[in-house]
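Next come the chains, spelled out residue by residue.
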Amino acid sequence: MRLGSLSAELDAITREFDYGIVPGSATVFVKDEVNGIGRLDLTLLEGVMIVLEVTDEGYKVTSCSPLCNVDPALSTAHTVQAHLEAPFESMENLLMTISPMFRDRFQQELYSKLQSVQQQQQQQQQTSQPNMIHMDQAPLSLEHPAPLQPIFTNQPIHHPTATNTSTTTTSAPNSDASNNNNTANANDLNTFDELNNWIN
């Protein structure tokens, strides 16, 4: 059994399989919780009424009866008789084995559920995409300021050492020039003295 208790399993069978059998035809008439045995009857879409037994060991058909003497009721009844007392692990497997119409409805139901799941996934993706775009467009915040960049100018850079050297270097020629001037002046004075003495 899929569910934990016999009562829950029988109630689920009467409600969950109406899409593939005659709706409302499943009726429980034995519910033995002590021995763990449940029995119910239902009518297949092909027009065959079957009696099912549900235990911890699985599901099986104990009897069947066609409701009319035409196909597909007769052919389906023969199929059911070939599987009497054969245990099945699930109710779905049992019904798909004995009822072609149930098998078709089951496949349609499964396909519809898959489509529903895909549509839900697409809706979730469409809902999440605007949020992703909003996050991409949000301004970025910097935790640390950008490093300072060096500033280049066209003005020459003056170094104190170069200035002192330049001053020292330029002062030497001035001193030499001054000495030369003094020497020239002295020579001129001597010349003037000699001329003065010669005249006198």
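Scroll up to find the structure this text is about.
Predicted model only: the values in this text are computed from it and were never measured.

A.B. asks: What is the right way to look at the pairing of strand β3 (residues 48–55) in this model?
C.D. replies: Every other side chain in a regular strand lies on the same face of the sheet, so the side chains alternate between the two faces. Burial analysis of β3 places seven of its eight residues in the buried class, the great majority of the element. The pairing of strand β2 (residues 37–43) with β3 spans six bridges and is antiparallel. Of the residues in β3, the one forming a bridge with L40 is L52. Count of turn residues in the β2/β3 antiparallel hairpin: four residues, of which G47 carries a positive phi of about 90°. In terms of strand pairing, β3 meets strand β4 (residues 58–66) through eight bridges, oriented antiparallel. What sits directly across from L52, in β4, is V61. In sequence, β3 turns back onto β4 through a hairpin of two residues.

A.B. asks: How do you make sense of the side chain of S25 when you look at a structure like this?
C.D. replies: Structurally, the position occupied by S25 is in the loop between α1 (6–16) and β1 (27–32). At 2.7 Å, the side chain of S25 and the backbone oxygen of V22 are in polar contact.

A.B. asks: I keep staring at the pattern of salt bridges and nothing clicks. Help me out?
C.D. replies: A side chain of one charge can pair with a side chain of the opposite charge if their charged atoms are brought near each other. Evaluated as defined, the whole model comprises three salt bridges. The closest approach of N and O atoms between E53 and K60, which form a salt bridge, is 3.6 Å. Note on K60: relative accessible area 24%, which makes it partly exposed. One salt bridge connects E85 with K60, and the closest N-O pair in it is separated by 3.4 Å. Within this pair, whereas E85 is found in the loop between α2 (73–82) and α3 (91–98), its partner K60 is found in strand β4, the two being separated by 25 residues in sequence. Connected through salt bridges with shared partners, the residues R39, E53, K60 and E85 form a single ionic network.

A.B. asks: Looking at this structure, how should I read the sheet that holds β1?
C.D. replies: Across a sheet, paired strands are connected by hydrogen bonds in the backbone, their directions being either parallel or antiparallel. Taken together, the four strands give an open sheet; going across it, the order is β1-β2-β3-β4, and neighbouring strands pair in antiparallel fashion. Edge positions in the open sheet fall to β1 and β4, since each of these has one partner strand only. The average angle at which neighbouring strand axes cross in this sheet is 15°, direction not considered. Here α2 sits on the sheet and contacts β3 and β4; the angle it forms with β4, its principal contact strand, is near 140°.

A.B. asks: Explain the nonpolar core here, please?
C.D. replies: A general feature of soluble globular proteins is that nonpolar side chains tend to end up buried together. Counting 26 residues, the largest nonpolar core has I50 and L95 as the members making the most contacts within it. Elements represented by at least two residues in this core include exactly α1, β2, β3, β4, α2 and α3. Per-element tally for this core: the top contributor is α3, with five residues. For L95, the residues in contact, after removing those within four places along its chain, are F17, I21, L44, I50 and F102.

What counts and how
Residues numbered from 1 in each chain as written. Predicted model: local features only at pLDDT ≥ 70, side-chain atom pairs only at ≥ 80, totals over all residues. Heavy atoms only, no water. Buried < 20%, exposed > 50% of the residue type's maximum accessible area, 1.4 Å probe, protein only. Helix = DSSP H or I, 4+ residues; strand = E, 2+ residues; numbered from the N terminus. Pairing = 2+ DSSP bridges. Polar contact = N/O pair within 3.5 Å; in protein donor to acceptor, adjacent residues only side chain to side chain. Salt bridge = Lys/Arg side-chain N within 4 Å of Asp/Glu carboxyl O. Axes fitted to C-alpha atoms, helices over the stretch in contact; angles between N-to-C directions. Contact = heavy atoms within 4.5 Å. Core = buried A, V, L, I, M, F, W, Y, C linked by side-chain atoms within 4.5 Å.

These results come straight from atomic positions and should not be treated as a statement about function.
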